[in-house]
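Coordinates in review
The chain contents come next:
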Amino acid sequence: MARKSAIPPSYYGEPHKFDPTFRGPVHKRGCTDVLCCVIFVIVILGYIVLGTVAWMHGDPRKVVYPTDSYGQFCGQQETPNANKAILFYFNILQCANPSVLINLQCPTTQLCVSKCPDRFATYIDMQYSYRRNKGSWEYYKQFCKPGFNNPDKPISQVLRDEDCPSMIVPSRPFLQRCFPDFITRNGTLTVANQTSFKDGHGKIRSVVDLRDAAKQERTVLSGKVTAMQQGTESGITSLLDAKEVGTKIFEDYASSWFWILIGLVISMLVSLVFILLLRFTAGVLFWLVIFGVIAAVGYGIWHCYWEYSSLKGKPDSDVTISDIGFQTDFRVYLQLSQTWLIFMTSLAVIEAIIILVLIFLRNRVRIAIALLKEGSKAIGCIMSTLFYPIITFLLLALCIAYWAVTAVFLASSGEAVYKVMSTLPDCKYTNLTCDPETFSQSNVTKLCPGSQCTFAFYGGESLYHRYIFVLQLCNLLVFLWLVNFTIALGQCTLAGAFAAYYWALRKPADIPPCPLASSFGRALRYHTGSLAFGALILSIVQFIRIILEYLDHKLKGAHNAFTRFLLCCLKCCFWCLEHFIKFMNRNAYIMISIYGKNFCTSARDAFFLLMRNVMRVAVLDKVTDFLLFLGKLLISGSVGVLAFFFFTRQIPVIQEEVPSLNYYWVPLLTVIFGSYMIAHGFFNVYAMCVDTLFLCFLLDLEKNDGSATRPYYMCSSLRAILNKKNQKRPKETKRGRKQKKEQPKSRH
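Residues numbered from 1 in each chain as written. Predicted model: local features only at pLDDT ≥ 70, side-chain atom pairs only at ≥ 80, totals over all residues. Heavy atoms only, no water.

Observations concerning the nonpolar core
- Residues F694 and F697 are the most contacted members of the largest nonpolar core, which totals 103 residues.
- A total of 19 residues in this core trace back to one element, the largest contributor, which is helix α15 (residues 468-502).
- Among residues more than four places away in sequence, those in contact with F694 are L371, L610, R616, V617 and L620.
- Within the second largest apolar cluster, 19 residues are counted, among which are L111, Y123, C144 and F148. (Core = buried A, V, L, I, M, F, W, Y, C linked by side-chain atoms within 4.5 Å. Buried < 20%, exposed > 50% of the residue type's maximum accessible area, 1.4 Å probe, protein only. Helix = DSSP H or I, 4+ residues; strand = E, 2+ residues; numbered from the N terminus. Contact = heavy atoms within 4.5 Å.)

See below:
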């Protein structure tokens, strides 16, 4: 017997049954997902404890200031190094040693100085010139150990005791560290117009050796301090140029902040007006753009046909694309008739798809537009919802600040750890811990000549210090959980307010008072556990994605094709999973705000409800995204054009009010970006409104039939599109009203 191919009605769940007591968001509800709520509260308390412990052990100065070989901070106030904010390497050539990338430490003495050297010099040359000019020692000794004042000391003893560097090279500060001042002239690498220099040991070295050492140490800094560019010699010069540009940008902000603020206020008002006017313009905007696209594609078809016809009879135009192969000059392809035939066919297929979609889905498009208009009316009735994102922003700012401070204090926890650094490859003491105060009396200096006991990093041997990396991961996971919970709380609050609007039979008379505040109270009092549950699922997926991105960054240089392919597939899968969970969570929160059920039940009901109306979901989602994106572009573009004319002094009326600027694009880009973000914040509320009204609309269709006892709550325009009507209650006659009055009152 043949198997039935039809999907059973219960495949996507049973439609919602009629509940005569349902009048919108349920007010009598109980707490949901209590266990998750308890776990969430415990995690928050643990997070506070983690921040407290990190604050007790951490010291942000270890991140802010460079540390010399003696464990002292460079540039810290009220210390001997207060005026010495830059770290200087005695012999930066040692940084080219392969052990640097293993031990994350350059095996040379590092000293705090007030400025970087600006000339080539060696200790031996200084001793020769000291006999004639005492000033040469005065300049050189600022790069020696504090207190050392014996320029006649032999070079061998100076290097043994690490009193002074054997050489200095012209340098510039880069991340508060002295690096050679590289300049490329006519393709040749130079330092102070020289391509070679003396290394202080009687050898002539190339500046390429300096570049290799500097690049190696910058790689170390990227692992210990911050993610830096794997720069070449031009990176330092570019940074210094960027510092000058940054100063000018700061001046522009200082002189134009008032006008930037005015531009952002204008964008806020325009966004508000745009949302309120969508009830009148949503359909016009959508159909104008759609018919514009149809007309543009139609013109493209005609133009391709015209080009194809004009090339048809010309010689060499009948050559196929496969015959000429790949060409870097794409204009060659435009001389072939086959190219224009392909263009014409492709555009014709696109045109046919657009027209067929509009023909067969026209009613669903009309429903989507009607819901967009109804969303504008809902926001007009509950204006306070437009300002709720301010609360979300403040909570997110608090989460980000706490996470960042905790991360810095965790990263700066621990005591200074000193390790033996040696340039000898066979030194068995290399990378072992040492005590700088007793190192000179130990046997290490005899067995490994030239070895040093230098500062390596901040750490410790306690249980806390061994698990700092794990604590950083916990800090990140809890941060993601709190951020997603904050967003979930906002979505559930807005959904409850807009659901109260939809399920009011007479709008706005039947809308309950303070719907936003009531919804916020219900979400926080009854559904903290459900919101935390959904946020935790999303946070775990995001946490895995971050780990995959970290692994991808670390394995970029790997040559294992299978590993890179597997990592790419995992990243793609988890990206899709994250977006699916976001979509499901959003609709689950809407169902929670309406019915007050737990997260899993709400997510299941929302999923089956959407799957029973999958075509309506797809059309509404795309139409909403399209109109909101168009609105963001219109708002940011119009405000940006106005700002351009203002800051370029092209508005005659207020030319004298325009401040003097170094770069007019600084306030202009700030206004455009700020306008887009403001519009994005307003339209997020609007999108949540439309999604809530859509789910309520689907529930309305399944629960009600338009009878006097089960009327539709949807607006009249939606009922007209669907050919639905609400039956009017029969009017009572005078005799009926009289009999009703004469009936005895119930004692109940």
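A look at the packing of aromatic side chains
- Taken as a whole, this structure holds 27 aromatic pairs when the rule is applied.
- Both rings, one in F258 and one in W259, keep their centres 5.6 Å apart while their planes meet at 75°; by these two values the pair is edge-to-face.
- According to the relative accessible area criterion, F258 is partly exposed, its value standing at 44%.
- Looking at W259, the relative accessible area reads 22%, which means it is partly exposed.
- A ring pair is formed by W340 and F343, whose centres lie 5.7 Å apart and whose planes are at 85°; its orientation type is edge-to-face. Here F343 and W340 lie together in helix α10 (residues 337-360), a separation of three residues that amounts to about one turn.
- Relative accessible area serves as the criterion here: at 11%, W340 is assigned to the buried category.
- Clustering of aromatic rings is evident, with ring pairs tying together W257, F258, W259, F646 and F647.
- Between R119 and the ring centre of Y139, over which it is positioned, the NZ or CZ distance is 3.7 Å. (Phe/Tyr/Trp six-rings, centres within 6.5 Å; stacked < 30°, edge-to-face > 60°. Lys NZ or Arg CZ within 6 Å of the ring centre and 35° of its normal.)

Here's the deal with the side chain of T406
- Tracing the chain through its elements places T406 in helix α12 (residues 388-411).
- Sequence-distant contacts of T406, that is, excluding residues within four places in its chain, are made with L50, G51, A54 and N475.

Re the side chain of D163
- When you line up the elements, D163 lands in the loop between α6 (155-161) and β4 (167-168).
- For D163, a relative accessible area of 9% gives the class buried.
- Among the polar contacts listed, one links the side chain of D163 to the side chain of K153, at a separation of 2.7 Å.
- Setting aside chain neighbours within four positions, we find D163 in contact with F90, C144, K145, F148, K153, Q157 and V158. (Polar contact = N/O pair within 3.5 Å; in protein donor to acceptor, adjacent residues only side chain to side chain.)

Describing the packing of helix α18 (residues 561-595) against helix α21 (residues 665-703)
- Relative orientation of the contacting elements α18 and α21 amounts to 60°, with a least axis distance of 10 Å. α18 and α21 meet at a crossing whose hand is right-handed. Facing α18, whose interface residues are R586, N587, I590, M591, I594 and Y595, α21 presents N684, A687, M688, D691, T692, L695, C696, L699 and K703.
- For the contact of α18 with α21, a count of residues per class yields nine nonpolar, three polar and three charged. (Axes fitted to C-alpha atoms, helices over the stretch in contact; angles between N-to-C directions. Left-handed = near helix turned anticlockwise from the far one by under 90°. Nonpolar A, V, L, I, M, F, W, Y, C, P; charged D, E, K, R; others polar.)

Quick look at the pattern of salt bridges
- Applying the stated criterion across every chain, the model contains 13 salt bridges.
- Put simply, D125 and K198 hold a salt bridge, and the shortest N to O gap is 3.8 Å. Here the residue D125 occupies a position in helix α4 (residues 123-130), and K198 occupies one in strand β9 (residues 196-198), the gap between them amounting to 73 residues.
- Residue classification places D125 among the partly exposed residues on the basis of a relative accessible area of 32%.
- Through salt bridges with shared partners, one network takes in R545, E578 and K582. (Salt bridge = Lys/Arg side-chain N within 4 Å of Asp/Glu carboxyl O.)

Digging into the confidence of the model for the chain
- For the chain, mean pLDDT is 80; residues scoring 70 or higher make up 84% of the total.
- In the predicted structure, residues 1-11 sits below a pLDDT of 50 and forms one contact with residues beyond four places in sequence or in another chain.
- Between residues 744-748, whose pLDDT stays under 50, and residues either more than four places distant or in other chains, the model counts zero contacts. (pLDDT = per-residue confidence, 0-100.)

Some points on helix α16 (residues 515-526)
- With 12 residues, α16 should reach 16 Å at 1.5 Å per residue; the first-to-last C-alpha distance of 16 Å fits that figure.
- Buried residues of α16: P515, L516, S519, R522, A523 and Y526, and no others. Down the axis of α16, the sector holding all buried residues measures 135°, keeping them to one side. Along α16, exposed side chains directed more than 90 degrees from the buried face belong to A517 and R525. (Expected span 1.5 Å × (residues − 1). Arc of directions from axis to C-beta.)

Topic: the pairing of strand β2 (residues 110-113)
- On β2, burial covers both faces: Q110 and C112 on one face and L111 and V113 on the other are all buried.
- The sheet contact formed by strand β1 (residues 86-89) and β2 spans four bridges and is antiparallel. The residue of β2 that forms the bridge with I86 is V113. (Pairing = 2+ DSSP bridges.)

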